[in-house]
Amino acid sequence: MHSRAHMLLEKEYLFMQKDPSPAWGIKARPLRLDNMLEWFGTIEGLKETIWEGGIFTITLTFSEGYHEVPPEVNFHTIPFHPNIDMNTGRPCLALLDDFHVWKESYSIESILLALQNLLSSPVVDNAVNSEAAALLRDSPDTYRQMVMECVRASLKVHAGESITNQKSGPRSANGESVVPSGDTSATVQVKPASGSKLARVSFDEYLTTWTGIATSKAKSDMKNPLLEAIKDNPNLQSAHFGLPLEELQLHMKKQLEEHNSLMYGNFAHKPTEQEIQDKKLDQINKMRKIYLPRRSAPPPSSAQSEVGEPWEKEVDDLVAWTTNLDEQALE
């Protein structure tokens, strides 16, 4: 006799088969029909978002306490996202993490829709993937490029291709694809849904690839493909940055100096003895101007020159004659 959780999930599966979900871009089904506690599903990125076109596989593991407790959900195709653990693929979602938020009325469709919305609505506060949160906050363009890489890789995984350009994993004897369960070494035979192809991807292969793509830090030798394409065309550079070429070069030089100063320290060259001496003299001259009083011009001398001019004697004679005049005689 099956448990209550098994019967609830079986009922929900039959309802989904009879009345397919009107919601776009979500699918889910049990891994095996004789075990309703393990499911897998796919979530497509919402249209008109940076995740558009991506197809991400998830696994849902239910306990015997379902509907009272939420299932354990993990992304098998792990996206580069602030709220998704880059190692386990576990999403940070309130209705899955907090029993007080979870409601028994929530269905598998509700969980998938919440995860689909989470992709295009990241929260950088208390992010489980700090690298993704930092890129989203400080460099949105770089974050967008990383997301586009995730979308392309998810399509390869969904199509059964290897993201390291190797052949896809083996299939079962009856031609059915296999997907990983909780144990990375085990495989489970699954009849794929119509129109979908599932292939086994080695966890080590997936982790190695995404460690080099989605979780790698920027290096000094990393190049921006757009800037590389326009580096030899000054007109395109001016149009891209909205600055004249001379001002653009000045800004680039200043940013490079600031970057080198922050990364490696501001180490100046050792001055020569002549430069030290010139610097000291310059400082002394500045101090003189500030602290020493200005010299005033000396007053003109009242002493007469030993050798006078001819007209000077005439002036002296005139002064002497004027002094000796008799005022009464003049009256």
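The coordinates are above.
Rules behind the numbers
Residues numbered from 1 in each chain as written. Predicted model: local features only at pLDDT ≥ 70, side-chain atom pairs only at ≥ 80, totals over all residues. Heavy atoms only, no water. Helix = DSSP H or I, 4+ residues; strand = E, 2+ residues; numbered from the N terminus. Expected span 1.5 Å × (residues − 1). Buried < 20%, exposed > 50% of the residue type's maximum accessible area, 1.4 Å probe, protein only. Arc of directions from axis to C-beta. Phe/Tyr/Trp six-rings, centres within 6.5 Å; stacked < 30°, edge-to-face > 60°. Salt bridge = Lys/Arg side-chain N within 4 Å of Asp/Glu carboxyl O. Pairing = 2+ DSSP bridges.

Chemist: How should helix α1 (residues 4-18) be read in this particular structure?
Modeler: Residues that lie three or four places apart on an α-helix share one face, since the helix turns once every 3.6 residues. Between the first and last C-alpha of α1 there are 21 Å, a value that for 15 residues agrees with the 21 Å anticipated at 1.5 Å per step. Looking only at α1, the buried set comprises A5, H6, L9, E12 and Y13. All buried residues of α1 lie within an arc of 130 degrees about the axis, which places them on one face of the element. Along α1, the residues that are exposed and aim more than 90 degrees away from the buried face are K11, L14, F15 and K18.

Chemist: Help me out: how do you make sense of the packing of aromatic side chains in this one?
Modeler: To describe a pair of aromatic rings, one takes the distance between the centres and the angle between the planes. Considering all chains together, one arrives at seven aromatic pairs under this definition. Ring centres 6.3 Å apart and planes at 40 degrees place the aromatic pair F80 and Y143 in the tilted group. Taken together, the residues F80 in the loop between β4 (72-75) and α2 (94-97) and Y143 in helix α5 (residues 140-158) connect sequence positions 63 residues apart. Side by side, F80 and Y143 carry an identical accessibility label, which is buried. Members of the aromatic cluster, connected to one another through ring pairs, are Y13, W39, F62, Y66, W102 and Y106.

Chemist: Honestly, unusual backbone geometry in this entry has me stumped. Any pointers?
Modeler: Most peptide bonds are trans, and most residues other than glycine sit at a negative phi. With an omega of 15 degrees, the peptide bond running from Y66 to H67 counts as cis. Structurally, the position occupied by H67 is in the loop between β3 (55-61) and β4. Even without being glycine, E48 reaches a positive phi, approximately 60 degrees. Counting through the fold element by element, E48 comes out in the loop between β2 (35-44) and β3. Taking relative accessible area as the criterion, E48 reaches 78% and is therefore assigned exposed.

Chemist: What exactly am I supposed to notice about the side chain of H6 here?
Modeler: Mapped onto the fold, H6 is located in helix α1. On the basis of relative accessibility, which here comes to 7%, the residue H6 falls in the buried class.

Chemist: Would you mind showing me how to read the pattern of salt bridges here?
Modeler: Opposite charge on two side chains lets them pair, provided their charged atoms get close. Tallied over the full model, the rule gives four salt bridges. Between D97 and R90 there is a salt bridge, with its nearest N and O atoms 3.4 Å apart. Owing to a relative accessible area of 39%, D97 belongs among the partly exposed residues under this scheme. Look at R90 and you get partly exposed, because its relative accessible area is 33%. With its nearest N and O atoms 3.7 Å apart, the salt bridge here joins R137 to D138. By relative accessible area, which is 51% here, R137 ends up exposed.

Chemist: Hey, could you run me through the pairing of β2 in this one?
Modeler: The element β2 is extensively covered by neighbouring structure, given that eight of its ten residues are classed as buried. Two strands pair when backbone bridges link them, and strand β1 (residues 26-32) and β2 are joined in this way by six bridges, in the antiparallel orientation. What sits directly across from R32, in β2, is N35. The loop that links β1 with its antiparallel partner β2 comprises two residues. Judged from the seven bridges that link them, β2 and β3 form a sheet pairing that is antiparallel. Its bridge partner being in β3, G41 is matched across the sheet by I58.

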